[in-house]
Amino acid sequence: MSDLLQVGAILDTHGLKGEVKVFPTTDDATRYDYLKDVILIDKDNHEVSLTVEAVRYFKNLVIVKFKGIGHINDVEKYKKCNLYVTRENAVALEENEYFVADLIGLKVISDEGEALGVIADVLNTGANDVYVVRGQKEELLIPAIKQCILDVSMEDKTMKVHLLDGLRELNQKDN
């Protein structure tokens, strides 16, 4: 498990006063209203601690102003960099909720004991998340619904799933 969790990606600068346009990579963009401290990983892979001074929303982006940064020239170097929070500053999870970073790499096993592969990605479809499971022979898209996800064990790094009738066929690609 990583100690840092991504909450956004800086796309570009905004205006001349040091603001940046951030694409939020969190389920709820309004979490920026309560965000105080972030860690930016710069292009040289160095961690830069920043304090959020002001936040406003524009379309699907968050406009962020950092404390002590007052000019466009001071934030130009942060374009295309990612923003993270420590686990201590992360949003508290409810029961049966997990951070995407913690799900990536989990071994996926069917309720019949078949090793299906590992979670390679999590897609947000709006209705529910979909887990991209990559195996040696195939890639499966498994909806994150209670009918399919039977158990998640972070200790064992495994997820037990039930493949609904027709799900495997639906995932097969045309040749």
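Quick note: structure is the one above.
Predicted, not measured: the structure shown is a model, and the values here were computed from it.

Points about the nonpolar core
No. 1: In this structure, I10, V22, V38, L40, V64, F66 and L83 are the most contacted members of the largest nonpolar core, which totals 22 residues.
No. 2: Sorting the residues of this core by element identifies β1 (4-14), β2 (19-24), β3 (37-41), β4 (47-58), β5 (61-66) and β6 (82-86) as the ones contributing at least two each.
No. 3: Those residues within four positions of V38 in sequence are excluded, and the remaining contacts are V48, S49, L50, V52, F66, L83, Y84 and V85.
No. 4: Counting residues in hydrophobic clusters, the runner-up holds 18 residues, among them I119, I142, L163 and L167.

Description of the sheet that holds β5
Through backbone hydrogen bonds, the strands of a sheet pair up, either in parallel or in antiparallel fashion.
No. 1: Strand order in the closed barrel formed by six strands is β1-β2-β5-β4-β3-β6, and the pairing between neighbours is antiparallel. Sheet twist, expressed as the mean angle between neighbouring strand axes with direction ignored, is 50°.
No. 2: Bridge analysis of β1 against β2 gives six bridges, and the strand direction is antiparallel. Paired with A9 across the bridge in β2 is F23.

Structural notes on the sheet that holds strand β8 (residues 115-124)
No. 1: Strand order in the open sheet formed by six strands is β10-β9-β8-β7-β12-β11, and the pairing between neighbours is mixed. Of all the strands in the sheet, the pair left with one neighbour each is β10 (139-143) and β11 (149-153). Mean inter-strand twist for the sheet, computed between neighbouring axes without regard to direction, equals 35°.
No. 2: Of the pairings in the sheet, the one linking β8 to strand β9 (residues 129-134) comprises six bridges and is antiparallel in character. From the neighbouring strand, D121 faces β9, where its bridge partner is V132.

Some words on the pairing of β2
No. 1: Once β1 ends, the chain turns through four residues before running back antiparallel as β2, passing G15 with a positive phi of about 70°.
No. 2: Where β2 lies against β5, four bridges are found, and the strand directions are antiparallel. Counterpart to K21 in the pairing with β5 is I63.

Regarding unusual backbone geometry
No. 1: Positive phi values are uncommon outside glycine, yet K80 reaches one of about 70°.
No. 2: One can find K80 in the loop between α1 (72-75) and β6.
No. 3: K80 gets classed as exposed once you look at its relative accessible area, which sits at 64%.
No. 4: The residue K157 is not glycine, and still its phi comes out positive at about 60°.
No. 5: If you trace the backbone, K157 turns up in the loop between β11 and β12 (158-161).

Cut-off values and rules
Residues numbered from 1 in each chain as written. Predicted model: local features only at pLDDT ≥ 70, side-chain atom pairs only at ≥ 80, totals over all residues. Heavy atoms only, no water. Core = buried A, V, L, I, M, F, W, Y, C linked by side-chain atoms within 4.5 Å. Buried < 20%, exposed > 50% of the residue type's maximum accessible area, 1.4 Å probe, protein only. Helix = DSSP H or I, 4+ residues; strand = E, 2+ residues; numbered from the N terminus. Contact = heavy atoms within 4.5 Å. Pairing = 2+ DSSP bridges. Axes fitted to C-alpha atoms, helices over the stretch in contact; angles between N-to-C directions.

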